[in-house]
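# Summary of the model geometry
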Amino acid sequence: MITRRDAIRLAALAALAQPLLAACGGGDDDGNDKGRHPGGGNVQDGGPLELVRSVVDRVPGDPGAVPDVVAAMHRFAGGVYDGLPTDGNLVLSPYSIAVALGMTLNGAGGRTAEEMRTVLGADDRFHAGLNALTAHVESLAGQQERADGSKADIALDAANQLFGQQGVGWEEGFLDPLSEQYGAGIRLVDFETAAEEARVLINGWVEEQTHDRIEDLIPEGVLDQLTRLVLVNAIYLKAPWEVPFDKSLSAPGPFHLADGGTVTADLMRSSDVSGRLRSGPDYQAATLPYAGGALAMTVVLPADGAFASVERQVADGGLAAMLDGGRPHLLDLVLPRWTFRSNAALNEVLAALGMPTAFDENAADFRPMTSEDLPLYIKAVLHQGFIAVDEEGTEAAAATAVSMGVTSAPVATPFHVDRPFLFVIHDVEHGTPLFLGRVLDPTA
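Described in the following lines is the structure provided in the data block. Treat the numbers as computed from the prediction; the structure is a model and nothing was measured.

## Some remarks on the environment of E361
Tracing the sequence through the fold places E361 in the loop between α10 (347–353) and β14 (378–389). For E361, a relative accessible area of 53% puts it in the exposed group. Sequence-wise, E361 and I378 are 17 residues apart; in three dimensions their C-alpha atoms are separated by 7.9 Å.

What follows is the structure in C-alpha cells.
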C-alpha cells in the first residue's frame, strides 16, 4: 500500500528528475522575457517544480585557492567537532556543512556576512576554491585500478539543491554565484500552504542522492508557513579498500571502552595492508588507502588515556597534521567493523563559533537574497551522517540542510585498533575532510 508520504516522495522525485534549465537567455525567439524571473533568473516552465536559476554558466573555479579552502575547512571541522556532545559515536561531513553554509553566505550581508566569512575562513576566493575542490572530489569517482591490477568502482557523488518559496523574487546577485560556483538553482515549492509536502519532498531528494542512507534529514515541525528557503548539500561515498580484508580472518575480539569496560567487537585483521604511519602528540595515525590510492581513511589511535587530549588537538586545528606526511609501512592491522549514524542540530555550535547574528530573527541580514528584502534568518542547520565499515570497504553519506525563514617483505608494523579512535575520510592530494568522526564503541 502506497502511503501519502510515499506518493508525495514519488511525485517529487519525478519532478526533480527533469533536466535542469540550461544556462541560456531564457527568452523566446522573439526576444521576450518569457520565463524571466522577477529577480533576474529564469524559470523552467512546464513542470510541477519550477526551477529558478541564473542565466550564467558554472565556471571551472580556482584550483589555486583550493589549499586555502582545505586549510579553512580543517579549522572549521575542528570547531564543529568540538562544539558537539562528547558522548557516543559520531560521524559528520565538514565538507557538506561548509558547502551548505557557503551557498547561504552568497545571500548574506553586513555583519551577518562578516561573521559567516570568519567562521568559514572565507576570503574573496573561497567560493571559487570550493567550486574547484568539488570538481576535484567528484573526479575521484569511477573505476580505479589497484596495485595488483584488479579493478574496483568508487562511488562519490555530491549534489546541491535549494528549495524556495514560490512567488518570492530571488535576486540575480544571489542566483548568479549559486550557478557559477555551486551549479545550483532554486526549485519552487509552497511552504506557506504545504510545508509538510515540501518537507517530504526535500527529504526524498536527500534520500535519493544518498542511496537512502540519510533519512528524514528534516524532522516534522522544522518547516512551517514562515519558511522561505532551504539550502541542501548531500554527499555519498562507497569505496572499496585498496587491499580488502580477508573475511576468514575476522573474528570477535575485545574492544576496550573509555570507561574501563570491554565489549566484544567484530575485528577485521590483515597483515598485508600498505599504509602511511605517523606519530603525533599522544597518538599514532595510519592512513589506509581505498582502491586507486586517491582516497583514504586515516585512523587516529590515541595512546591509553589520551583520547581527550587528541580530541583537543582536533578542536585546536590539528586535523591537518594528523593527515599530513607519514612513512609507508606494511601494517599488521586490526580494525573493528562499525555501522552507525549521527544527527546534529548545529545552530548553537555555529553561533558559538562566531556567527550568532545569522540565527537572530531581529538582526540577521539576508536581504541580498530577495528583491523584496525579506527579513530572512537561519531557523535551523541540520546535519546527518552515516558510515559503515567492513572487510570490503566503506560506505558513507551525509547531508546538511540550512532552513531559512522568513618491498622484500618487511616486518609488519602493528596497528591494533582496540580502543576508542577517531577517523577521517579524505582525498589524498589535499586532505579534504569529507567525513570526520569517532568510534567509542563499535558495537553500539
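## Describing the pattern of salt bridges
By the definition in use, this model includes 16 salt bridges. Residue D224 is joined to K379 by a salt bridge in which the shortest nitrogen-to-oxygen separation is 2.9 Å. Separated by 155 residues along the polypeptide, D224 in the loop between α7 (191–209) and β7 (229–240) and K379 in strand β14 bring together distant segments of the chain. Taking the relative accessible area as the measure of exposure, D224 reaches 24% and is therefore partly exposed. The salt bridge partner of R312 is D316, with a shortest N-O separation of 3.2 Å. One network of salt bridges, with partners in common, ties together D82, R312 and D316.

## Some remarks on unusual backbone geometry
Positive phi, normally seen in glycine, also occurs at D216, with a value near 50°. Inspection of the secondary structure puts D216 in the loop between α7 and β7.

## Things to note about α7
Across its 19 residues, α7 extends only 22 Å between first and last C-alpha, which sits more than 12% below the 27 Å expected from 1.5 Å per residue. At E197, α7 shows its maximal kink, close to 50°. Every buried residue belonging to α7 is among F191, A195, A198, R199, V200, L201, I202, N203, G204, W205, V206 and E207, and all of these are buried. The N-cap of α7, judged by a side-chain oxygen 3.2 Å from the amide nitrogen of E192 a few residues on, is D190.

## Brief notes about the environment of G253
Structurally, the position occupied by G253 is in strand β8 (residues 251–256). Classification of G253 by relative accessible area gives buried; the value is 7%. Linking G253 and M268, residues 15 residues apart in sequence, is a C-alpha distance of 9.4 Å. Excluding its chain neighbours within four sequence positions, the residues that come into contact with G253 are V263, T264, A265 and L267.

## A closer look at the packing of helix α2 (residues 66–83) against helix α5 (residues 126–139)
It is the contact of α2 with α5, at a shortest axis distance of 8 Å, that shows an interaxial angle of 95°. The orientation of α2 with respect to α5, classified from their angle, is roughly perpendicular. Contact residues: V66, V69, V70 and M73 in α2; F126, G129, L130, A132 and L133 in α5. Partitioned by chemical class, the residues of the contact of α2 with α5 number eight nonpolar, one polar and no charged.

## Some words on the packing of α5 against helix α6 (residues 172–182)
Where α5 meets α6, the closest approach of the two axes is 9 Å, and the angle between their N-to-C directions is 35°. Residue-level inspection shows F126, H127, A128, L130 and N131 of α5 in contact with α6, the latter providing E180, Q181 and Y182.

## Some words on the pairing of β8
Of the pairings in the sheet, the one linking β8 to strand β9 (residues 262–280) comprises six bridges and is antiparallel in character. Bridge assignment links A251 to a residue of β9, and that residue is L267. Between β8 and β9, which pair antiparallel one after the other, the connecting turn spans five residues, and G260 there sits at a positive phi close to 95°.

## Some thoughts on the packing of aromatic side chains
Inspection of the entire model under this criterion finds seven aromatic pairs. Ring centres of W338 and F421 lie 5.3 Å apart, and the angle between their planes is 70°; this geometry places the pair in the edge-to-face category. For F421, a relative accessible area of 0% puts it in the buried group. Ring centres of W338 and F423 lie 5.4 Å apart, and the angle between their planes is 40°; this geometry places the pair in the tilted category. By relative accessible area, W338 is classed as buried at 1%. By relative accessible area, which is 0% here, F423 ends up buried. Grouping aromatic residues by their ring pairs yields a cluster made of F255, W338, F421 and F423.

What counts, and where the lines are drawn
Residues numbered from 1 in each chain as written. Predicted model: local features only at pLDDT ≥ 70, side-chain atom pairs only at ≥ 80, totals over all residues. Heavy atoms only, no water. Helix = DSSP H or I, 4+ residues; strand = E, 2+ residues; numbered from the N terminus. Buried < 20%, exposed > 50% of the residue type's maximum accessible area, 1.4 Å probe, protein only. Salt bridge = Lys/Arg side-chain N within 4 Å of Asp/Glu carboxyl O. Expected span 1.5 Å × (residues − 1). Bend = angle between axes of the 7 residues up to and from the residue. Polar contact = N/O pair within 3.5 Å; in protein donor to acceptor, adjacent residues only side chain to side chain. Contact = heavy atoms within 4.5 Å. Axes fitted to C-alpha atoms, helices over the stretch in contact; angles between N-to-C directions. Parallel < 35°, antiparallel > 145°, perpendicular 65-115°, else oblique. Nonpolar A, V, L, I, M, F, W, Y, C, P; charged D, E, K, R; others polar. Pairing = 2+ DSSP bridges. Phe/Tyr/Trp six-rings, centres within 6.5 Å; stacked < 30°, edge-to-face > 60°.

Just distances and angles here, no functional claims.
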